[in-house]
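Structural description and commentary
In case you want the letters, here they are:
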Amino acid sequence: MVQKMVRQWLQELKEYNYSTWLSTVVMLVIFVLGGSSLRKWYVASHEQKAQFAMSEAFEEYDRAVLRMIESKESDDQVAKQQLEDAHLSFDIVLRNHGSSDLSSCAHAFKADIYWYEGKKDEALQEMDSAIKGAPKSPLLYEWKTKSALMKLDADKEQEGISELNALALDPKNATADRAAFELGYYYWCAKDEAHARDAWQLLEKFNGSKDDEFKQTRSPYLAIAQMKMSTISE
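Procedures and definitions
Per chain, the residues get numbers from 1 upward, laid out in the order the sequence is written. In keeping with the model being predicted, local features are shown solely for residues with a pLDDT of at least 70 and side-chain atom pairs are shown and tallied solely at 80 or more, while totals for entire chains, interfaces and linings include all residues. Side-chain numbers come from the whole structure's heavy atoms, not from hydrogens or water. Secondary structure is summarised from DSSP: a helix means a run of H or I of at least four residues, a strand means a run of E of at least two, and numbering begins at the N terminus for each. The cut-offs for exposure are 20% and 50% of the maximum accessible area for each residue type, with area from a 1.4 Å probe on protein chains only; residues under the lower value are buried, those over the upper are exposed, and the others partly exposed. For this analysis, residues touch if any pair of their heavy atoms sits within 4.5 Å. Note that accessible areas follow from Shrake-Rupley with a 1.4 Å probe, and for residues the cover is restricted to the protein chains shown. Structural elements are reduced to axes, namely lines fitted to C-alpha atoms, with helices fitted over the stretch in contact, and the angle between N-to-C directions of any two is expressed from 0 to 180 degrees. By the definition adopted for this analysis, an angle is roughly parallel if under 35 degrees, roughly antiparallel if over 145, roughly perpendicular if from 65 to 115, and oblique otherwise. Crossings are sorted by hand: turned counterclockwise from the far helix by less than a right angle, the near helix makes the crossing left-handed, and turned clockwise it makes it right-handed. Ten residues, namely Ala, Val, Leu, Ile, Met, Phe, Trp, Tyr, Cys and Pro, are considered nonpolar, four, namely Asp, Glu, Lys and Arg, are considered charged, and the remaining ones, Gly among them, are considered polar. In this analysis, the expected span of each helix is defined as 1.5 Å times one less than the number of residues it contains. Think of it this way: a Phe, Tyr or Trp ring, Trp meaning its six-membered ring, pairs with another when their centres are within 6.5 Å, and the plane angle makes it stacked under 30 degrees, edge-to-face over 60, tilted otherwise. The set of buried Ala, Val, Leu, Ile, Met, Phe, Trp, Tyr and Cys residues whose side-chain atoms join them within 4.5 Å is what this entry labels a nonpolar core. The arc in question is traced by the directions running from the helix axis to the C-beta atoms. By definition, a salt bridge exists where a carboxyl oxygen of Asp or Glu is found within 4 Å of a side-chain nitrogen of Lys or Arg.

Moving on: the overall build of the protein chain. From N to C terminus, the protein chain includes 9 helices and 0 strands. The N-to-C order of helical and strand elements in the protein chain reads α-α-α-α-α-α-α-α-α. Burial analysis of the protein chain (234 residues in total) assigns 36% to the buried set. Considering only contacts in the protein chain between residues 6 or more positions apart, those separated by 24 or more positions represent 51%. Only carbon and sulfur atoms are counted for the fraction: they give 56% of the accessible area of the protein chain, which is about 15300 Å².

Okay, structure coming up:
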């Protein structure tokens, strides 16, 4: 009788262990198959919330900039307050959605606000954050160009010139033509016609030909540069 009870107990234990193991395997399969979809849903939900917050912040920014453009007062307190409100809105985006793909945009717009406030060093720091936060973003080279242009007007001319030149020569840069044009325009405004011509000649590779390493359509900057170069004396 006792032996029978022991054998029954051992059999139930085996069945219990098998059931537990099977349940574990089923849960793992569900997790593997469903985990990807769950993660996609989470990311999509997170990005949607980030987009909403970014939209609200940009509205604040847009109102502030429009006020600054339309205002005839050099010291418009309303415009300053609106800039501060936009500043706080972008801070909220970064605090609550720092891992979002939009975080680099928030840094870039904060850089604009600092620039309008005359805080050029802080603006450049924000642009560095925007660049670091967009290693694979299509906006990466746009941020790099923007940062280089800011440096031209922040007592860092040589650094800005060097960066624009590198951007103009980078075959991975989809906006290399803009960098070349901006570099030439900087020299043009500085009355340095020789360097302006050298920079604008880089635009000749953006003539619509598919044979060059950039493989781009004709640049809209090319005609402008050619017109200006035609006025430069040899």
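This is not the end of the story, as more comes after the structure.
Between helix α2 (residues 77–96) and helix α3 (residues 103–116), the shortest axis-to-axis distance is 9 Å and the interhelical angle comes to 155°. Classified by the interaxial angle, the pair formed by α2 and α3 is roughly antiparallel. Crossing of α2 over α3 shows left-handed handedness. The residues of α3 that touch α2, namely those facing L83, A86, H87, F90, D91, V93 and L94, are S103, A106, H107, F109, K110, I113, Y114 and Y116. By residue class, the composition of the contact of α2 with α3 is 10 nonpolar, 3 polar and 2 charged.

Relative to the 20 Å expected for 14 residues at 1.5 Å per residue, α3 spans 20 Å between its end C-alpha atoms, a close match to the ideal helical length. With 12 of 14 residues buried, α3 is to be regarded as a mostly interior element. If you check which residues of α3 are buried, you get S103, S104, C105, A106, H107, A108, F109, K110, A111, D112, I113 and Y114. Immediately downstream of α3, the backbone of G118 shows phi near 80°, a positive value.

Per the stated rule, a full pass over the model turns up 10 aromatic pairs. Centre to centre, the rings of Y61 and F90 are 6.3 Å apart; their planes meet at 65°, and the pair counts as edge-to-face. Here the residue Y61 occupies a position in helix α1 (residues 2–70), and F90 occupies one in helix α2, the gap between them amounting to 29 residues. Across the pair, exposure class does not vary: Y61 and F90 are buried alike.

The packing of two helices is summarised by the inter-axis angle and the distance between the axes. The N-to-C vectors of α3 and helix α4 (residues 120–132) enclose an angle of 170°; their axes lie 8 Å apart at closest approach. The orientation of α3 with respect to α4, classified from their angle, is roughly antiparallel. Residues S104, H107, A108, K110, A111, Y114 and W115 of α3 form the contact with α4, whose own contacting residues are K120, E122, A123, E126, M127, S129 and A130. Counted by class, the contact of α3 with α4 contains 7 nonpolar, 3 polar and 4 charged residues.

The biggest cluster of nonpolar side chains holds 28 residues, and the ones touching the most others in it are M54, Y61, F90, M127 and W143. Of all elements in the fold, only α1, α2, α3, α4 and α5 (140–152) reach the threshold of two or more residues within this core. Looking at which element gives the most residues to this core, the answer is α3, with 7 residues. Excluding its chain neighbours within four sequence positions, the residues that come into contact with W143 are S104, C105, A108, M127, A130, I131 and A134.

This part is about the environment of F90. Residue F90 is classed as buried on the basis of its relative accessible area, which comes to 0%. Considering only alpha carbons, one finds F90 and E60, 30 residues apart in sequence, at a separation of 9.4 Å. The residues contacting F90, other than those within four sequence positions of it, are M54, A57, F58, Y61, A106, F109, K110 and I113.

Among the residues of helix α8 (residues 193–201), A196, R197, A199 and W200 are the ones counted as buried. The buried residues of α8 occupy one face: seen down the axis, they fall within an arc of 165°. On the buried face of α8, the contacting elements are α7 (176–189) and α9 (220–229).

In the structure shown here, the tally under the stated rule is 10 salt bridges. Among the salt bridges present, the one from E60 reaches R63, with a minimum N-O distance of 3.3 Å. Linking E60 with R63, this pair stays in helix α1, spanning 3 residues, or about one helical turn. Linking D153 and K120 is a salt bridge whose minimum nitrogen-to-oxygen distance equals 3.8 Å. Of this pair, D153 sits in the loop between α5 and α6 (157–169) while K120 sits in helix α4; the two residues are 33 residues apart in sequence, bridging distant segments of the chain. On the accessibility criterion, K120 (30% relative accessible area) is partly exposed. Residues joined by salt bridges that share partners form a network here, namely D91, K110 and E126.

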